[in-house]
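Structural overview for review
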Amino acid sequence: MSDPFEGRPFPRGVLIGAAVLITFVIAAAAMVRLTGVGGVEMPFAPVVEGRELVFEDLGDGVTMVALPGPEGADRDAVVGLLESGVDGFAMGVMRGMVRDRNARDLPLDAPYQLALLEDGRLVFRDPSVGTEIDLRAFGPTNMASFSPLLRVEPKPLADVVDKDARD
């Protein structure tokens, strides 16, 4: 089988047109980036409700979620327990955040931020790294795994563990 285009050069006008188009796109993007003219910025929605949280591995696949105390997690201000296999999405998000901190040699006991924004988004932030995850993007079921951590009344760890043992 022979090539019908064999021996015929690629049309020079098409190559020049493509080069001009690519140059224009790069120049336009650079102009918007450098001057801001023609760019669109979405303003950040204000925080309606927020809370700082500290996560501490208790072993046996259980992670304590507590309010920050003077030295990391306050065991008298626990807002929840995450269990491996039950709270898979929340544990997966935390593993990713811990991986980012480990890669940058940052302290693992620094608080994270959970915030409900005015536009309805629930975001989980790591101020140490500058990461922000919009939990709404993962669907209502996964977002619901973080929602209780925002509003639940803190309790001592012993009360939370006893309640879980009764359930």
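Structure: above.
Okay, so let's go over this structure. All of these numbers come straight from a predicted model, not from anything done at the bench.

About the criteria used
All residue numbers refer to positions counted from 1 along the written sequence of the respective chain. Note on the predicted model: pLDDT of at least 70 is required for a residue's local features to be given, and 80 or more for side-chain atom pairs to be given and counted; whole-chain, interface and lining totals, by contrast, use all residues. Excluded from the side-chain calculation are hydrogens and water; included are all heavy atoms of the structure. Only DSSP runs of H or I with at least four residues qualify as helices, and only runs of E with at least two residues qualify as strands; both kinds are numbered from the N terminus onward. Between buried and exposed lies partly exposed: a residue is buried under 20% and exposed over 50% of the maximum accessible area for its type, with that area taken using a 1.4 Å probe on protein chains only. Contact criterion: two residues are considered in contact whenever any of their non-hydrogen atoms come within 4.5 Å of each other. Only the protein chains shown count as covering a residue, and every accessible area follows the Shrake-Rupley method with a 1.4 Å probe. Charged residues are defined here as Lys and Arg on the positive side and Asp and Glu on the negative side; His and the ends of the chain fall outside this count. Charged groups are reduced to one reference atom each: NZ for lysine, CZ for arginine, CG for aspartic acid, CD for glutamic acid. Remark: nonpolar core denotes a set of buried residues (Ala, Val, Leu, Ile, Met, Phe, Trp, Tyr, Cys) joined through side-chain atoms within 4.5 Å. Multiplying 1.5 Å by the helix residue count minus one yields the expected span of that helix. Whenever Lys or Arg places a side-chain nitrogen within 4 Å of a carboxyl oxygen from Asp or Glu, that contact is recorded as a salt bridge. Two rings from Phe, Tyr or Trp (for Trp, the six-membered ring) form a pair when their centres sit within 6.5 Å of each other. Planes less than 30 degrees apart are called stacked, planes more than 60 degrees apart edge-to-face, and all others tilted.

The helix and strand inventory of the protein chain stands at five helices and six strands. Referenced to the eigenvectors of the C-alpha coordinate spread, the extents of the protein chain come out at roughly 80 × 50 × 35 Å. The buried share of the protein chain, reckoned over its 167 residues, is 27%. Across the protein chain, every contact between residues at least 6 apart in sequence was considered, and the portion connecting residues at least 24 apart equals 46%. Total accessible area on the protein chain stands at roughly 11200 Å², and carbon and sulfur atoms take up 58% of it. Taking the average place of the 16 positive charges on the side chains of the protein chain and the average place of its 26 negative ones, the gap between the two points comes to 8 Å.

Moving on to the side chain of Arg101. With respect to the helices and strands, Arg101 occurs in helix α2 (residues 88–103). Leaving out residues up to four positions away in the same chain, Arg101 has contacts with Leu106, Pro107, Leu108, Asp109, Ala110, Pro111, Tyr112, Asp126, Ser128 and Val129.

Right, let's get into the nonpolar core. Core analysis: the largest hydrophobic core is formed by 22 residues, its most contacted members being Leu53, Phe55, Leu114, Phe124 and Phe146. Only β1 (47–59), β2 (62–69), β3 (72–83), α2, β4 (112–117), β5 (122–126) and α4 (147–151) provide two or more residues apiece to this core. The leading source of residues in this core is α2, at six residues. With sequence-adjacent residues up to four places away left out, Phe55 is seen in contact with Thr63, Met64, Val65, Leu82, Met94, Tyr112 and Phe124. Counting residues in hydrophobic clusters, the runner-up holds nine residues, among them Ala73, Leu81, Leu157 and Val160.

Glancing now at helix α1 (residues 12–35). Between the first and last C-alpha of α1 there are 34 Å, a value that for 24 residues agrees with the 34 Å anticipated at 1.5 Å per step. A positive backbone phi angle near 85° is found at Gly36, which sits one or two residues after α1.

In this section: the pattern of salt bridges. On inspection of all chains with the given rule, the structure shows five salt bridges. Across the salt bridge formed by Arg151 and Glu49, the nearest N and O atoms sit 3.1 Å from each other. Placement of the pair is Arg151 in helix α4 and Glu49 in strand β1, with a sequence separation of 102 residues. Taken together, the salt bridges that share partners define one network made up of Asp119, Arg121 and Asp134.

Under the definition given, this model contains six aromatic pairs. Ring geometry for Phe89 and Phe146: centres 6.1 Å apart, planes at 85°, overall edge-to-face. You can see Phe89 sitting in helix α2 and its partner Phe146 sitting in the loop between α3 (140–144) and α4, a full 57 residues away along the chain. Across the pair, exposure class does not vary: Phe89 and Phe146 are buried alike. Aromatic pair Tyr112 and Phe124: ring centres 5.5 Å apart, planes at 15°, arrangement stacked. Here Tyr112 is found in strand β4, whereas its partner Phe124 is found in strand β5, with twelve residues between them in sequence. On the basis of relative accessibility, which here comes to 0%, the residue Phe124 falls in the buried class. Pairwise contacts between aromatic rings join Phe55, Phe89, Tyr112, Phe124, Phe138 and Phe146 into one cluster.

Because the α-helix completes a turn every 3.6 residues, residues three or four places apart line up on one side. Look at α2: 22 Å from first C-alpha to last across 16 residues, which is about the 22 Å you get at 1.5 Å a residue. Inspection of α2 places Phe89, Ala90, Met91, Val93, Met94, Met97 and Arg101 among the buried residues, and these make up the whole buried set. One or two residues past the end of α2 sits Asp105, with phi positive at roughly 55°.

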